Amino acid sequence: MKGNDSVRVRYAPSPTGDPHIGNIRTAIFDWFIARRLGGDFIVRVEDTDQNRLVEGSIDHQKESLEWLGIDWDEGLGKPGEFGPYVQSERLHIYHEITDTLIESENAYRCFCSPDRLKELRQEQRSKKMDRIGYDGHCRGLSSYERAENLDSGREYVVRFAMPTEGTSFVDDLIRGKVEFENGLVEDFVILKSDKFPTYHLASVVDDHLMNITHVLRGEEWLSSVPRHIQIYHSLGWDIPFFAHLPTILAPDRSKLSKRHGATSIMEYKQMGFVPEAMVNFLSLLGWSYDGETEIVELSDMISRFDISEVNGSGAVFDMEKLTWMNGNYIRQMDSAHLGDLLYDFWTQYPPREFDREPDRESSRKVASLVSERLKTLTDAAPLVAFLYSNEIEYSVDQLIQKQMDHSATLAILEEGKYFLKDIQEFSAQNIETELRILADKLKLKPRHVLGTIRVATSGQKISPPLFGSLELLGKSRTINLIDQAVNKLQAN
Ligand code: GLU
């Protein structure tokens, strides 16, 4: 194990699509470890599979981490003494290491053609052989044959020469000792014919050269352990700590996939989840704070996080719980913060209900009106559309409240208009006082008066608190909307 006591962890996304929530959970645990133990958190881009690159993936990784408030110390645009942090910029390093491995006979060039490999697999399958994989053909080439193949310019890959006996194991921080028989692992490719390394070589080399102390990754990589352990051994390198995180499962306990719903963190952002809830929720996928508490302050999670407490069995993604948690976070936020989140959200994803762009200040005011009613940020736009749209729509039937008639409704609107016009400081409190006096004067129930004004100004029967909403609308727009209601009623 590493003798170095400064902890270094890395998140190593491949730019092959939008960040999956499983990847982000790995990043969160990495970050918790680094921040708890005063270590470094590195982001390394693993782009060795050039055929699978998806443009924009790295930007989305960055945007996701930033959105969630996960800060990192090296890589992804930040300098550091162990760079470059993008694997395609480190090819010369992998080539050098590959040469070392070939020289020490821990690796060899394989000239087998794709056709031969295909035939081999077909034959192994048809004979129902236990072991399907490379048969080691080129491992046995004589030095003469090797030289001849090289001289004739034949394409080759480089394969690692796996020991045919013994076992490889790790003391996984989550799973304990996990052991594998070497003989069951084929001589795997470490350098492809395009001269890019495979994940196996690149990740081991980088984890070593970047002084990574803890390797956290999804359990789908557990089967790579014997390969990685053997690469470490063959180079005489110390083995870092490993932790293989449990797969994220759908409620039916199958692996969470697109058919169950959103799997990309960007989609959750777009659905109106707030970063605080997202980090809290994802960190409880496989880990528990104290066995019962669900809503946990970030600083408490960081100070208590222990990777060895993570549960190795799959973690179920419960959308209902996430939604509940999100609503909870929203209700507890101060309105300036919620307002900023709403403002950013509306700026990035303009609601179709709005005709005008909200500004930061009004978003903050809106936040205090709606926070009690939101489960997600997307719930806000329909509630406050009347504040940001030029037209509001409703029918006369909606305007005339239950137990009210045409003429009483008209009276409320016409009188109400004058009451409201007279208010000097158009504040929620003054508006409330005036409208209550109006109800008294008209000998009507306040709810009838307020209900009528509510529909006239918002087009909705249920809207955020009326007085605060009118304050936000402002006097002239409020009067204007009441005028429109009067016209609508008279035209009917
Ligand atoms: N690039 C790998 C992935 O995206 C990372 C695996 C690892 O963390 O070692 O799954």
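Note that this is a predicted model, so its numbers are computed, not measured.

Novice: Please set out the environment of Ala27 residue by residue, giving values where relevant.
Specialist: Following the sequence through the fold, Ala27 ends up in helix α1 (residues 21–36). Under the relative-accessibility criterion, Ala27 is labelled buried at 0%. For the pair Ala27 and Ser363, spaced 336 residues apart in the sequence, the C-alpha separation amounts to 31 Å. Contacts of Ala27, omitting those with residues within four sequence positions, involve Tyr11, Phe41 and Leu65.

Novice: Any chance you could break down the pattern of salt bridges for me, citing the residues and the numbers?
Specialist: For the structure on display, the rule yields 23 salt bridges. Salt-bridge contacts for Asp206 lead to Arg44; the nearest nitrogen and oxygen are separated by 3.7 Å. Note that Asp206 is positioned in helix α6 (residues 199–209) and Arg44 in the loop between β2 (40–43) and α2 (57–68), a separation of 162 residues in sequence. Grouping residues by exposure puts Asp206 and Arg44 together as buried. We note a salt bridge from Arg436 to Glu432, for which the minimum N-O separation is 2.9 Å. A residue pair is termed a helical-turn pair when its members lie 3 or 4 positions apart in one helix, as Arg436 and Glu432 do in helix α17 (residues 428–442) at four residues.

Novice: Go over unusual backbone geometry with me, naming the residues and quoting the values.
Specialist: Comment: phi is negative for the bulk of residues other than glycine, and the bulk of peptide bonds are trans. With an omega of -5°, the peptide bond between Gly83 and Pro84 qualifies as cis. Of note, Pro84 is situated in the loop between α2 and α3 (91–103). Located in the positive-phi region is Arg253, a residue other than glycine, with phi close to 70°. With respect to the helices and strands, the residue Arg253 is situated in the loop between β10 (248–249) and α8 (265–270).

Novice: How would you explain the nonpolar core if you had to name every residue and give the values?
Specialist: Phe29, Phe41, Leu282, Ile307, Phe317, Trp346 and Leu435 are the most contacted members of the largest nonpolar core, which has 110 residues in total. Top element by residues in this core is α1. It accounts for nine residues. Residues within four places of Leu435 in sequence aside, it is in contact with Leu420, Val449, Leu450, Ile453, Leu466, Phe467 and Leu470.

Novice: Talk me through the layout of surface pockets; I want residue IDs and the actual numbers.
Specialist: In this structure, the largest pocket spans a volume of roughly 950 Å³. Residue lining of the largest pocket: 33 residues in total, with Ala12, Ser14, Asn23, Glu220 and Trp221 positioned closest to the centre. Take the lining of the largest pocket: its biggest share by element is four residues, from α1. Classifying every residue of the lining of the largest pocket by side-chain character gives 10 nonpolar, 12 polar and 11 charged.

Novice: Could you give an account of the state of the cysteines, naming the residues involved and the relevant values?
Specialist: Applying the stated criterion across every chain yields a total of zero disulfides. A disulfide-free cysteine, Cys110 has its sulfur positioned 3.9 Å from the sulfur of Cys112, the nearest such atom. On the basis of relative accessibility, which here comes to 1%, the residue Cys110 falls in the buried class. No disulfide involves Cys112; its sulfur sits 3.6 Å from the nearest other cysteine sulfur, which is in Cys138.

Novice: Requested: an account of the sheet that holds strand β7 (residues 189–191), with residues and values cited.
Specialist: Strand order in the open sheet formed by three strands is β3-β4-β7, with antiparallel pairing between adjacent strands. Of all the strands in the sheet, just β3 (107–110) and β7 have a single pairing partner and so form its edges. Each adjacent strand pair in this sheet contributes to an overall mean axis angle of 45°, direction not counted. As judged from the four bridges shared by β3 and strand β4 (residues 157–160), these two strands associate in the antiparallel manner. What sits directly across from Tyr108, in β4, is Arg159.

Novice: For a positive patch on the surface, give the residues involved together with the corresponding values.
Specialist: There is a patch of like positive charges on the surface, built from Lys402, Lys445, Arg447 and Lys461. One can find Lys445 in the loop between α17 and α18 (446–458).

Novice: Quick rundown of the environment of Val204? Include the residues and the values.
Specialist: Along the polypeptide, Val204 turns up in helix α6. Residue classification places Val204 among the buried positions, given a relative accessible area of 1%. Linking Val204 and Val215, residues 11 residues apart in sequence, is a C-alpha distance of 9.9 Å. When neighbours within four sequence positions are excluded, Val204 is seen to be in contact with Tyr199, His228, Ile231, Tyr232 and Trp237.

Novice: Give a detailed account of the packing of helix α9 (residues 275–283) against helix α11 (residues 319–332), specifying residues and quantitative values.
Specialist: Packing of α9 against α11 brings their axes to within 9 Å, and their N-to-C directions diverge by 140°. Relative to α11, the element α9 is oriented oblique. Crossing geometry of α9 relative to α11 is assigned as right-handed. Contacts between α9 and α11 pair Glu276, Ala277, Met278, Asn280 and Phe281 from the former with Lys321, Leu322, Met325, Asn326 and Tyr329 from the latter. The residue makeup of the contact of α9 with α11, split by class, is six nonpolar, two polar and two charged.

The rules behind the values
Residues numbered from 1 in each chain as written. Predicted model: local features only at pLDDT ≥ 70, side-chain atom pairs only at ≥ 80, totals over all residues. Heavy atoms only, no water. Helix = DSSP H or I, 4+ residues; strand = E, 2+ residues; numbered from the N terminus. Buried < 20%, exposed > 50% of the residue type's maximum accessible area, 1.4 Å probe, protein only. Contact = heavy atoms within 4.5 Å. Salt bridge = Lys/Arg side-chain N within 4 Å of Asp/Glu carboxyl O. Core = buried A, V, L, I, M, F, W, Y, C linked by side-chain atoms within 4.5 Å. 1 Å grid on protein atoms, 1.4 Å probe; cavity = no way out; pocket = protein on both sides within 12 Å on 5 of 7 lines; lining within 4 Å. Points joined across faces, edges and corners; volume = space filled by probe spheres on them. Nonpolar A, V, L, I, M, F, W, Y, C, P; charged D, E, K, R; others polar. Disulfide = S-S within 2.5 Å. Pairing = 2+ DSSP bridges. Axes fitted to C-alpha atoms, helices over the stretch in contact; angles between N-to-C directions. Patch = residues over 30% accessible without salt bridge, like charges linked within 9 Å, V, L, I, M, F, W, Y side chains within 5 Å. Areas by Shrake-Rupley, 256 points an atom, 1.4 Å probe, with all protein chains shown as cover. Lys, Arg positive; Asp, Glu negative; His and termini not counted. Charge placed at Lys NZ, Arg CZ, Asp CG, Glu CD. Parallel < 35°, antiparallel > 145°, perpendicular 65-115°, else oblique. Left-handed = near helix turned anticlockwise from the far one by under 90°.

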